[in-house]
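Secondary and tertiary structure notes
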Amino acid sequence: MKRRIFLKNAAVTGVSLTILPSYAVSGLGHVAPSDKLNIAGIGIGGKGKVNLRNMVGQNIVSLCDCDYNYARDVFKSYPKASRYKDFRLMLEKQKDIDAVVIATPDHTHAVTAAAAMELGKHVYLQKPLTHSVWESRYLSQLAKKTGVITQMGNEGHSSDTVYEVTEVVQSGCLGTVREVHVWTNRPIWRQGMPKPLIKVPVPDSLDWDLFIGPAPMREYNPEYHPWIWRGWWDFGTGALGDMGCHLLDVPYYALKLGQPVAFQAASSLVNTQSAPISAKVSYKFPARDNLPYCQLPELELTWYDGGLMPSRPYNLPEDAPMNPGGGFMLVGSEAILIAEDYGKNWKTYRNGSCFIPEVKVDLKRIPDNPLGGGRHEMHFVDCCKNGGQPSSDFSYAGPFNEMVVMGNLGIRLQSLQKTLLWDSEKMQVTNISPNEELTTAELTPFSSDIVTRSVEQKSQKWIKWNALNMCEQWIKHNYRPGWNL
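Residues numbered from 1 in each chain as written. Predicted model: local features only at pLDDT ≥ 70, side-chain atom pairs only at ≥ 80, totals over all residues. Heavy atoms only, no water.

**Some details on the sheet that holds strand E8 (residues 262-267)**
Using the following cut-off: Two strands form a pair only when DSSP identifies at least two bridges running between them. Runs of H or I in DSSP of at least four residues are treated as helices and runs of E of at least two as strands, each being numbered from the N terminus. Every residue pair with non-hydrogen atoms within 4.5 Å of one another is taken to be in contact. Angles run from 0 to 180 degrees between N-to-C directions of axes, and those axes are lines fitted to C-alpha atoms, restricted for helices to the stretch in contact.
Ordered in space as E14-E13-E12-E11-E7-E10-E9-E8-E15-E16, the 10 strands form an open sheet in which the pairing is mixed. Two strands in the sheet have a free side with no partner beyond their single neighbour: strand E14 (353-355) and strand E16 (428-429). In this structure, strand E7 (residues 177-184) lies alongside strand E10 (residues 299-305), joined through five bridges in parallel fashion. Its bridge partner lying in E10, His 181 is registered against Thr 302. Running over the sheet, helix H8 (residues 160-170) touches strand E11 (326-332), strand E12 (336-339) and strand E13 (347-350) and is turned about 15 degrees from E11.

**A short note on the environment of Asn 386**
Threshold: To sort residues, take the accessible area from a 1.4 Å probe on protein chains only and compare it with the maximum for the residue type: under 20% means buried, over 50% means exposed, and anything in between is partly exposed.
Relative to the assigned elements, Asn 386 resides in helix H12 (residues 375-386). Residue classification places Asn 386 among the partly exposed positions, given a relative accessible area of 24%.

**Focus: the state of the cysteines**
Cut-off, in case you're wondering: Two cysteine sulfurs form what is called a disulfide whenever their separation falls within 2.5 Å.
With the rule as written, the count across this model stands at zero disulfides. Not part of a disulfide, Cys 294 finds its nearest cysteine sulfur in Cys 173, a span of 9.3 Å. In this structure Cys 384 is a free cysteine whose sulfur lies 7.2 Å from that of Cys 383, the closest cysteine sulfur available.

**Side note on the side chain of Thr 440**
Mapped onto the secondary structure, Thr 440 falls in strand E17 (residues 437-443). Aside from chain neighbours lying at most four places away, what touches Thr 440 is Val 270, Asn 271, Thr 272, Lys 461, Trp 462, Ile 463 and Trp 465.

**Re the environment of Ala 116**
With respect to the element layout, Ala 116 can be found in helix H6 (residues 109-118). Through-space distance from the C-alpha of Ala 116 to that of Arg 88 is 8.8 Å; in sequence the pair is 28 residues apart. Setting aside anything within four residues of it in sequence, one finds Ala 116 in contact with Leu 91, Val 100, Lys 121 and Val 123.

**With respect to the pairing of E12**
The side-chain alternation of E12 yields two buried faces, one formed by Ile 336 and Ile 338 and the other by Leu 337 and Ala 339. Bridge count for E11 against E12 is four bridges, and the pairing is antiparallel. Bridge pairing in E12 places Leu 330 opposite Leu 337. Once E11 ends, the chain turns through three residues before running back antiparallel as E12. Across three bridges, the pairing between E12 and E13 is antiparallel. Looking at the pairing, Leu 337 lines up with Thr 348 of E13.

**With respect to the packing of helix H10 (residues 238-247) against helix H13 (residues 394-412)**
As a reminder of what qualifies: Angles below 35 degrees are treated as roughly parallel, those above 145 as roughly antiparallel, those between 65 and 115 as roughly perpendicular, and all remaining angles as oblique. By definition, any crossing whose near helix is turned counterclockwise from its far helix by less than a right angle is left-handed, and any crossing with a clockwise turn is right-handed. Residue polarity is assigned by list, with Asp, Glu, Lys and Arg as charged and Ala, Val, Leu, Ile, Met, Phe, Trp, Tyr, Cys and Pro as nonpolar; anything else, Gly included, falls into the polar class.
It is at 9 Å that the axes of H10 and H13 come closest, and there the two elements cross at 150 degrees. Between H10 and H13, the angle falls in the class roughly antiparallel. Considering how the two elements wind past one another, H10 and H13 form a crossing that is right-handed. For the pair formed by H10 and H13, the contact residues are Leu 240, Gly 241, Gly 244 and Cys 245 on the first element and Phe 400, Asn 401, Val 404, Gly 407 and Asn 408 on the second. Residues belonging to the contact of H10 with H13 are distributed by class as follows: four nonpolar, five polar and no charged.

Purely geometric stuff here, so don't read any function into it on its own.
Written out as structure tokens, the structure reads:
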């Protein structure tokens, strides 16, 4: 049996490898070739570089990036790995790949991950899982169908503090939680921008067509690549997509939120090209099945970005930190819990004082790997080899990401001035009529030499769209010809 197929079957069936891991025999820091996972990296210039480095002791057999200059340092780190610009060509030609690490821009997550999963490759996919709601559902279903091991790259979900806060909540230490607030100071990149005006030649190192992928074609500009892509609607998911999978994770996990039944948003000016500078999104979640020590009634969760923050509860002591860089607050009937992302530095407050809660729930932690490396990444590696379920596999990350990127739908539909009712099973907003119109600002393309007041006064016009058609397209994208799922 081929080695990759054996590794895949071991993961799917839960059968452990017959080869004893070498660190159990030869000590830490050494892994026998027979116990290494063959990993390929797709999108390696940014976060992918970190993920590959954190998968210590494994074989990095192939590297793929549409911009060889952006990826040059990673190529130097793994000189024996083959190199590709097109992930489709890599998956076709490179037959020894067991698993892929994907850290491309958001709009290419789904097409890249699906292609790998259909070939039986295990997939580590950076957050946000996908660019759209439908793509998240598709990858969740595909993971179940193929049986491959999956993990979303919200690395903090494997931290002990995630489970500590969950134990506090599910032990009933806060009482009944009906109100959640989550915030970030992001974006720290440009948003609320019109299209660039000046044409810039495509760098020789970059395959621009591959970067565009399934999105509509547009002219290259350094405003899109290599980093600021996340603020543009066609490529990224704004501050909510970037930080939501970090900051919303603990409330979603601890309170077993599932899918909302309604949502709405308000923000600074929304334009046709990029996410707004700041936004507020509110989700309404229905009651869930109660836990032994904790009731789970109907709940409202509010997200804030761009420096917006929730009001400070009057009964919080003056020295209670509200974490202006980003955090979350769970408001219970008996106590309040405040923390940073993934529950870091969590504290509980009752009657104006900080207190140490007594928990009744004991949750299993994700262990560190004896070889070191990233806990989240190495847990994925271990599950690929020996079976098991990673902490943020697509059965968890898919529904979670649906909720996250749904917030951007609320931001883009806010001119309707209504609470949007959500049918999760059908992935539909149910209260938009066929003839309703959506109004969005179209800003004049920008150039550094546009400074006169006369130009500024004519810097925008209002575009009217059919709201139902645009809503459906933002839930499930129309891909550029040649790209599909």
